[in-house]
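# A look at the structure
Residue-level listing of the chains:
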Amino acid sequence: MNQGNIDDLSEDEIKELQASSDLIFVETVINGFFEVKVKTPTEMFPTDVFYTNEAIGEFLMSKFKLSIMIESNSGKFIYQPNRMGKR
């Protein structure tokens, strides 16, 4: 898993992480609530709902083969690549 400060990444590194992520959770102005960015919104990952830390944790530990990036209000990020190999 990669983690750190977003400011420490170059623009190219940020684009690469975002491009390789199936889901990107971005913290809202209220700490602990996140919006999801997906390349193609689906019924499974709607973009018009908010997610909590617990819900994101379920995605991180799920059987789904997903690469997930989380960006916080404090300028930090974590990235979990697809931990089960190819889709």
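For every chain, the first residue of its written sequence is number 1, and the numbers climb from 1 along that sequence. Given that this is a predicted model, residues contribute local features only at a pLDDT of at least 70 and side-chain atom pairs are listed and counted only at 80 or more, while totals for whole chains, interfaces and linings are drawn from all residues. Only hydrogens and water are set aside when side-chain values are computed; all heavy atoms of the structure are taken into account.

Think of a pair of aromatic rings as described by two things: how far the centres are apart, and how the planes are tilted against each other in angle. Paired rings are identified among Phe, Tyr and Trp, the last through its six-membered ring, by centres lying within 6.5 Å, and are further divided according to the angle between planes into stacked (under 30 degrees), edge-to-face (over 60) and tilted (the rest). Counted under the stated rule, the structure contains three aromatic pairs. Site record: aromatic cluster; members linked through ring pairs are Phe-25, Tyr-51 and Phe-59.

Moving on, we come to the nonpolar core. To define a nonpolar core, start from buried Ala, Val, Leu, Ile, Met, Phe, Trp, Tyr and Cys residues and group those joined through side-chain atoms within 4.5 Å. The cut-offs for exposure are 20% and 50% of the maximum accessible area for each residue type, with area from a 1.4 Å probe on protein chains only; residues under the lower value are buried, those over the upper are exposed, and the others partly exposed. With 13 residues, the main nonpolar core has Leu-23, Phe-25, Ile-56, Phe-59, Ile-68 and Ile-70 as its most contacted residues. Only strand 2 (23-27), strand 3 (33-38), helix 2 (53-60) and strand 5 (68-71) provide two or more residues apiece to this core. Residues are treated as being in contact if the distance between any of their heavy atoms lies within 4.5 Å. Ignoring anything within four residues of it in the chain, the contact list for Leu-23 reads Val-36, Lys-37, Val-38, Phe-45, Phe-59, Leu-66, Ser-67, Ile-68 and Met-69. Within the second largest apolar cluster, eight residues are counted, among which are Leu-9, Ile-14, Ile-24 and Phe-77. Secondary structure follows DSSP: runs of H or I at least 4 residues long count as helices, runs of E at least 2 residues long count as strands, and numbering of each begins at the N terminus.

This part takes up the side chain of Glu-71. Mapped onto the fold, Glu-71 is located in strand 5. One buried charged residue, Glu-71, forms no salt bridge at all, with the nearest opposite charge on Lys-37 at 4.9 Å. Side chain to side chain, Glu-71 and Gln-18 meet in a polar contact 3.2 Å long. If we skip the residues at most four places from it in the chain, Glu-71 touches Ile-6, Gln-18, Ile-24, Phe-25, Val-26, Glu-27, Phe-34, Lys-76 and Phe-77. In this tally Asp and Glu are treated as negative and Lys and Arg as positive; neither His nor the chain ends contributes. A pair is scored as a salt bridge if a Lys or Arg side-chain nitrogen falls within 4 Å of a carboxyl oxygen belonging to Asp or Glu. Any N or O atom pair separated by 3.5 Å or less is treated as a polar contact, with the protein-specific requirement of one donor-capable and one acceptor-capable atom, and with residues adjacent in sequence counted only for side-chain atom pairs.

Once that is clear, we can look at a negative patch on the surface. Candidates for patches are residues over 30% relative accessible area with no salt bridge; among them, like charges are joined within 9 Å and nonpolar side chains (Val, Leu, Ile, Met, Phe, Trp, Tyr) within 5 Å. Calculation of accessible area relied on Shrake-Rupley with a 1.4 Å probe; when residues are assessed, cover is drawn exclusively from the protein chains displayed. Each charge is placed at NZ for Lys, CZ for Arg, CG for Asp and CD for Glu. Judged by side-chain charge, Glu-11, Asp-12, Glu-13 and Glu-16 come together as a negatively charged surface patch. Residue placement: Glu-16 occurs in helix 1 (residues 11-20). Judged by its relative accessible area of 59%, Glu-16 is exposed.

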